[in-house]
Amino acid sequence: IRDSPTHDAEPALPDPTLLTFTAMKNEGPFVLEWVAWQRLIGVDRIVVLSNDCDDGTDDILDQLDRMGVVSHLPNPCELLPSDPGEPMKPQTAAFAYGRRLREWRDADYIFLSDVDEFPCLRAGDTTFKTLLRRLDYPDVLTFCETIFGTGDVIGFKDKPLTAQFTKSTSLAPGKWKSRRGFKSICRNDPRLVIRNHRPKVSRKHAADIRWLDGSGRDFPTDLRTRLQKGTDARGMFDLITLNHYALRSLESYLVKAARGQPMGGTIDHKYFRQRNQLRTDNREMLPHLPRLEEEIAKLKRDPRLAELHAKSVESHRAQIAKLKKTPLYRDLMALVQGTPLDA
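Residues numbered from 1 in each chain as written. Predicted model: local features only at pLDDT ≥ 70, side-chain atom pairs only at ≥ 80, totals over all residues. Heavy atoms only, no water.

**Some words on the nonpolar core**
Grouped together as the largest cluster of nonpolar side chains are 66 residues, with contacts concentrated most on Val35, Leu64 and Phe128. Per-element accounting of this core gives the leading share, seven residues, to helix α1 (residues 31–40). Excluding its chain neighbours within four sequence positions, the residues that come into contact with Val35 are Ile46, Leu64, Val69, Val70 and Leu299. Counting residues in hydrophobic clusters, the runner-up holds 27 residues, among them Val140, Val201, Trp211 and Ala233. (Core = buried A, V, L, I, M, F, W, Y, C linked by side-chain atoms within 4.5 Å. Buried < 20%, exposed > 50% of the residue type's maximum accessible area, 1.4 Å probe, protein only. Helix = DSSP H or I, 4+ residues; strand = E, 2+ residues; numbered from the N terminus. Contact = heavy atoms within 4.5 Å.)

Below you can see the structure in the form of structure tokens.
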């Protein structure tokens, strides 16, 4: 890691409060693993807004709220009038509302995450806070994604995603450019407009922000005022990467495709092809599995929460059974097997 330049930023925070904020719809079977991982990596507060759930996701989140584990609120997109020509996007509405919440205003750092995203600390740090301390509390830490493909996992299993999927994009992009998406942890600073992938910064403040990448290097100056969501990721993975399980099993992907994207719009075969990345045998999450399973088990000690999780799993399986009778399943099997879609 290069030595950080001297700066006149705010003083270091001895114990910064870290908030993870997300929006969900029909993610029931996957909620507990994601929440457990957020807790393991040192997140202090988790705020979730949900909308239009019919698989028990909102019931699970309500119970986690009663337990004091998350704060769960309805997504305001359910209440706002929608223009048929330009419907309200749930994620956009959630983030706009989130900025007005006390939990958001009180947080020192904010991380906007999706339920299929798992930050993986790679250099011995155990929590976000140890990494932020190591880097002398930057204003922004932007880290690139590592995308995990479906591989040969066809059927849905009620077990951690991080245990099932071990094929991904390369962990060390080398000679050729490798564009990857990224996410950012942002200081709650008036100079930063916190957005889903990276903050919006004015040209006036771009050079003043201590903005680092996932290897602890200065984030490129020419990218600071652009709103692009990814960049050439070579050399950006030394300290942290964002493990992204966008597809999950083929059966679970059926449900995701039928649901659509959180920002609105459909999920098609192009989406699957781009994200079914199987280039590298990636087992970096497996050493963390015992701690993760223990944390999930702790949450399930609440009998009501365990019951709601089981119900969501059964709902997911019922939806899969219905969707496997559609042409979408046949087409996806053809993609996995490498046969033409019109075969």
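That shown, we press on.
**Section: unusual backbone geometry**
The phi angle of most residues is negative, glycine excepted, and most peptide bonds adopt the trans form. Backbone geometry at Asp52 places phi at a positive 55°, although glycine is not the residue there. Positionally, Asp52 belongs in the loop between β2 (45–50) and α2 (57–66). A positive phi angle is found at Tyr137, which is not glycine, with a value near 55°. Relative to the elements of secondary structure, Tyr137 occurs in the loop between α5 (128–134) and β6 (140–147).

**Overview of the pattern of salt bridges**
Within the structure shown, the criterion is met by 24 salt bridges. In this structure, the salt-bridge partner of Asp116 is Lys256, at a minimum N-O distance of 3.4 Å. Residue Asp116 is located in the loop between β4 (109–112) and β5 (117–121), and its partner Lys256 is located in helix α8 (residues 250–259); the two are separated by 140 residues in the primary sequence. Given the relative accessible area of 7%, Asp116 is considered buried. Two residues, Asp189 and Arg191, come together in a salt bridge whose shortest N-O distance is 2.9 Å. Given the relative accessible area of 21%, Arg191 is considered partly exposed. Each of Asp139, Arg187, Asp189 and Arg191 takes part in one network of salt bridges that share partners. (Salt bridge = Lys/Arg side-chain N within 4 Å of Asp/Glu carboxyl O.)

**Section: the packing of α1 against helix α10 (residues 289–300)**
Remark: α1 packs on α10, axes separated minimally by 9 Å, with the N-to-C direction vectors making an angle of 115°. Here α1 lies roughly perpendicular to α10, going by the angle between them. Judged by the sense of rotation from one axis to the other, the crossing of α1 with α10 is right-handed. Residues Leu32, Glu33, Val35, Ala36, Trp37, Arg39 and Leu40 of α1 lie in contact with α10, whose contacting residues are Arg291, Leu292, Glu295, Ile296, Leu299 and Lys300. (Axes fitted to C-alpha atoms, helices over the stretch in contact; angles between N-to-C directions. Parallel < 35°, antiparallel > 145°, perpendicular 65-115°, else oblique. Left-handed = near helix turned anticlockwise from the far one by under 90°.)

**Things to note about α1**
In terms of residue burial, α1 counts as a mostly covered element, since nine of its ten residues are buried. Within α1 the residues assigned to the buried category are Val31, Leu32, Glu33, Trp34, Val35, Ala36, Trp37, Gln38 and Leu40. Just past α1, the residue Gly42 takes up positive phi, approximately 90°.

**Looking at the packing of aromatic side chains**
Taken as a whole and judged by the stated rule, the model has twelve aromatic pairs. When the centroid spacing of 4.5 Å and the interplanar angle of 25° are considered together, the rings of Phe148 and Tyr245 count as stacked. With Phe148 in the loop between β6 and α6 (161–164) and Tyr245 in the loop between β11 (240–244) and α8, this pair connects stretches of sequence that are 97 residues apart. In this pair, the class of Phe148 matches that of Tyr245, namely buried. Each residue in the set Phe21, Phe95 and Trp104 is aromatic and connected to the rest through ring pairs, giving one cluster. Across the ring face of Phe30, the terminal group of Arg248 is positioned such that the distance to the ring centre comes to 3.8 Å. Seen from the ring of Tyr271, Arg275 lies directly overhead, with NZ or CZ sitting 3.7 Å from the centre. (Phe/Tyr/Trp six-rings, centres within 6.5 Å; stacked < 30°, edge-to-face > 60°. Lys NZ or Arg CZ within 6 Å of the ring centre and 35° of its normal.)

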